[in-house]
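Listed below, chain by chain, are the residues.
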Amino acid sequence: MRNKLIAAFACTTALVSTGAASAADLGARYTKAPAYVEPLFNWTGFYVGGHIGGAWTNEQFINNGIGAPFGDLVPGEGYRQRGSGIMGGAQIGYNWQANNYVFGMEGTISGLDNKGSFTNTAFGAGDDVFSWRANVLATVVGRAGFAVQNNLFYIKGGYAGVNNRLSVSDTVGVSGSGGQTHWANGWTVGAGWEYGVTRNWIVGLEYNYAAFGSQTYQLGGTSGNYTFDAKPRDIQWAVVRASYKFDAPTIARY
């Protein structure tokens, strides 16, 4: 009887040990699945889009002394005038994202309707009507920003150019009337915010400032040629933007 009890106890112990070992093996092989993390918005890729808003131009022109006094303005005299209007155009660019930092290049072309016209009253009631207009603006800039999920806050800077025209008409007599158009080169800086509505569609707001160098405008008439140094002293514009971003590899974090 004693031997039978010892044998039964040994069998029971073996079975318990085998079950515990099996349970330990199961525990060693089981791994908890990682929690799913929503993919980050990926700013990397090419994009194209459009913008619309308002622009403000400060125009300046000064008689540079080449030729006789013209428009009742002696050399060194001139005018400044501010004009504003609607603007709109297109943008194309590329962004590259590294962690939360986004870098890129962008080009824009815009049409604007900033213009002004006034009568020169430097001598008497005035008989010369000056007019100017800035109607095409282009930029090529670099961008740098910081991304927070679907939000991108950025600054930009680079080249700006504008098509600018200056003209005059003599309302008394026939002398001293004419005009000329030049492309003025300059620089621009700006800042903005963009939001990824979907994986491909982006909307945003942006403000920019640009300044330009002078060009010599020759205003010819029957009494001779007269020249002014003229430029859009600065242009400021604020726009809303919408862009379509082409797909890039998804970024996911675990």
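Residues numbered from 1 in each chain as written. Predicted model: local features only at pLDDT ≥ 70, side-chain atom pairs only at ≥ 80, totals over all residues. Heavy atoms only, no water.

The name given to the chain in an unreviewed UniProt entry is Outer membrane beta-barrel protein, with Bradyrhizobium symbiodeficiens as the source organism.

### Things to note about the overall build of the chain
Broken down by element type, the chain carries 1 helix and 9 strands. Moving toward the C terminus, one meets the helices and strands of the chain in the order α-β-β-β-β-β-β-β-β-β. The proportion of buried residues among the 254 residues of the chain is 34%. Within the chain, contacts between residues separated by at least 24 positions form 71% of all contacts whose residues are at least 6 apart in sequence. Summed over all atoms, the accessible surface of the chain reaches about 13700 Å², with 63% contributed by carbon and sulfur. (Helix = DSSP H or I, 4+ residues; strand = E, 2+ residues; numbered from the N terminus. Buried < 20%, exposed > 50% of the residue type's maximum accessible area, 1.4 Å probe, protein only. Contact = heavy atoms within 4.5 Å. Areas by Shrake-Rupley, 256 points an atom, 1.4 Å probe, with all protein chains shown as cover.)

### Details of the confidence of the model for the chain
Within the chain, residue pLDDT values average 82, and 72% of them lie at 70 or more. Considering each helix and strand of the chain separately, the mean pLDDT is smallest for helix α1 (residues 2-29), with a value of 50, and largest for strand β7 (residues 201-212), with 98. (pLDDT = per-residue confidence, 0-100.)

### A few points about the packing of aromatic side chains
Under the counting rule described, the total for this entry stands at 15 aromatic pairs. Judged by centre distance (4.7 Å) and plane angle (65°), the rings of Tyr79 and Phe118 are edge-to-face. In this pair, Tyr79 is assigned in strand β2 (residues 78-98) and Phe118 in strand β3 (residues 101-120), connecting sequence segments 39 residues apart. Here a set of aromatic residues connected by ring pairs shows up, and it is made of Phe61, Tyr79, Phe118, Phe130 and Phe228. Between Arg143 and the ring centre of Tyr154, over which it is positioned, the NZ or CZ distance is 4.2 Å. (Phe/Tyr/Trp six-rings, centres within 6.5 Å; stacked < 30°, edge-to-face > 60°. Lys NZ or Arg CZ within 6 Å of the ring centre and 35° of its normal.)

### Things to note about the pattern of salt bridges
What the rule picks out here adds up to 10 salt bridges. A salt bridge links Asp247 to Arg199; the shortest N-O distance between them is 3.2 Å. Of this pair, Asp247 sits in the segment after β9 (224-245) while Arg199 sits in the loop between β6 (178-196) and β7, placing them 48 residues apart in sequence. Among the salt bridges present, the one from Glu206 reaches Arg241, with a minimum N-O distance of 3.4 Å. With a gap of 35 residues between them, Glu206 in strand β7 and Arg241 in strand β9 connect regions that are remote in the sequence. According to the relative accessible area criterion, Glu206 is buried, its value standing at 7%. If you follow the salt bridges from partner to partner, you end up with Glu106, Arg143, Lys156, Glu194, Glu206 and Arg241 in one network. (Salt bridge = Lys/Arg side-chain N within 4 Å of Asp/Glu carboxyl O.)

### A closer look at the environment of Gly76
In this structure, Gly76 sits in the loop between β1 (45-63) and β2. Between the C-alpha atom of Gly76 and that of Asp229, which follows or precedes it by 153 residues, the distance is 9.7 Å. Among residues more than four places away in sequence, those in contact with Gly76 are Ile62 and Asn63.

### Re the side chain of Asn164
Counting through the fold element by element, Asn164 comes out in strand β5 (residues 151-170). Of note is the side chain of Asn164, whose polar atom sits 2.8 Å from the side chain of Glu59. (Polar contact = N/O pair within 3.5 Å; in protein donor to acceptor, adjacent residues only side chain to side chain.)

### With respect to unusual backbone geometry
If you check the backbone angles, Asn99 has positive phi at about 55° while not being a glycine. One can find Asn99 in the loop between β2 and β3. For Gln149, which is not glycine, the phi dihedral falls at a positive 55°.

### Observations regarding the nonpolar core
Nonpolar side chains in soluble globular proteins tend to be buried together. With 13 residues, the main nonpolar core has Met87, Leu137, Val162, Phe212 and Trp237 as its most contacted residues. Listed by contribution, the elements that provide at least two residues to this core are β4 (128-148), β5, β7 and β9. Per element, the largest residue contribution to this core is 3 residues, and it comes from β9. Listed in part, the 11 residues of the second largest apolar core include Phe61, Leu73, Trp132 and Ala230. (Core = buried A, V, L, I, M, F, W, Y, C linked by side-chain atoms within 4.5 Å.)

### Re the pairing of β4
A regular strand places its side chains on the two faces of the sheet in alternate fashion. Across 18 bridges, β3 lies against β4 in antiparallel orientation. Bridge pairing links Asn114 to Ala134 in β4. Where β4 folds back onto β5 in an antiparallel hairpin, the turn is made up of 2 residues, including Gln149, whose phi is positive at roughly 55°. (Pairing = 2+ DSSP bridges.)

### Describing the environment of Arg241
Residue Arg241 is classed as buried on the basis of its relative accessible area, which comes to 5%. In this structure the C-alpha to C-alpha distance between Arg241 and His51, which are 190 residues apart in sequence, comes to 4.4 Å. Not counting residues within four places of it along the chain, the set of residues in contact with Arg241 comprises Tyr47, Gly50, His51, Gln91, Glu106, Arg143, Tyr154, Glu194, Ile202, Val203, Gly204 and Glu206. At 3.1 Å, the side chain of Arg241 forms a polar contact with the side chain of Glu194.

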